[in-house]
Amino acid sequence: QVQLVDSGGGLVQAGGSLRLSCVASGLTFSSYAMGWFRQAPGKEREFVACISGSGTITRYADPVKGRFTIFRDNAKNTVYLQMNSLKPEDTAVYYCAAGWSSVKIVTSPEYWGQGTQVTVSS
């Protein structure tokens, strides 16, 4: 059974940083692209970033380019999202996801984590 466990969310002031983690089990981790999505209150879930199984390809949504970095440690079955220069509009529940490729995961992830709340105060 595939399980993705997100963690690392919290309350931070604008301009601050957080690092999210997602530990995966029940799958061959290096064969899956991994990604992060977020859902703000009253809004649809949106793509944030993804990384290929090998870690050589990354993609970012425009609002987070230059501020967020996704990376992975295949030896630890873990993907991370380093978030810097946080803004109040980054406030959302952040979800880890796993997918077949760094292209497909953007629109059709296969598996989801349970989510972790990120709140950025102004």
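Since the structure is predicted, the reported quantities are computational estimates derived from the model, not experimental observations.

Reading the values: the criteria
Residues numbered from 1 in each chain as written. Predicted model: local features only at pLDDT ≥ 70, side-chain atom pairs only at ≥ 80, totals over all residues. Heavy atoms only, no water. Helix = DSSP H or I, 4+ residues; strand = E, 2+ residues; numbered from the N terminus. Rg over C-alpha atoms; globule rule 2.2 N^0.38 Å. Buried < 20%, exposed > 50% of the residue type's maximum accessible area, 1.4 Å probe, protein only. Areas by Shrake-Rupley, 256 points an atom, 1.4 Å probe, with all protein chains shown as cover. Lys, Arg positive; Asp, Glu negative; His and termini not counted. Charge placed at Lys NZ, Arg CZ, Asp CG, Glu CD. Contact = heavy atoms within 4.5 Å. Phe/Tyr/Trp six-rings, centres within 6.5 Å; stacked < 30°, edge-to-face > 60°. Lys NZ or Arg CZ within 6 Å of the ring centre and 35° of its normal.

Let's shift gears to the overall build of the chain. Secondary structure assignment for the chain yields one helix and 11 strands. At 13 Å, the chain has a C-alpha radius of gyration in line with the 14 Å of a compact globule built from 122 residues. Per-residue burial over the chain gives 45% buried out of 122 residues. As presented, the chain carries roughly 6,100 Å² of accessible surface, and 48% of it is formed by carbon and sulfur atoms. When the 11 positive and 8 negative side-chain charges of the chain are each reduced to one mean point, those points stand 4 Å apart.

When you line up the elements, V12 lands in strand β2 (residues 10–13). As for V12 and P88, which are separated by 76 residues in sequence, their C-alpha atoms are 9.3 Å apart. Excluding anything up to four places from it in sequence, V12 contacts S17, L18, L86, T119, V120 and S121.

Let us now look at the packing of aromatic side chains. According to the stated counting rule, one finds six aromatic pairs in the structure shown. Both rings, one in Y32 and one in W100, keep their centres 5.1 Å apart while their planes meet at 25 degrees; by these two values the pair is stacked. Here W100 lies in the loop between β9 (92–99) and α1 (104–107) and Y32 lies in the loop between β3 (18–25) and β4 (33–39), a separation of 68 residues in the sequence. Given a relative accessible area of 10%, Y32 falls into the buried group. With a centroid separation of 6.4 Å and 85 degrees between ring planes, the pair formed by Y95 and W112 is classed as edge-to-face. With Y95 in strand β9 and W112 in strand β10 (residues 111–112), this residue pair connects regions lying 17 residues apart in the sequence. Given a relative accessible area of 36%, W112 falls into the partly exposed group. Taken together, the ring pairs connect F37, F47, Y95 and W112 into an aromatic cluster. Note that R45 overlies the ring of W112, its terminal NZ or CZ placed 4.4 Å from the centroid.

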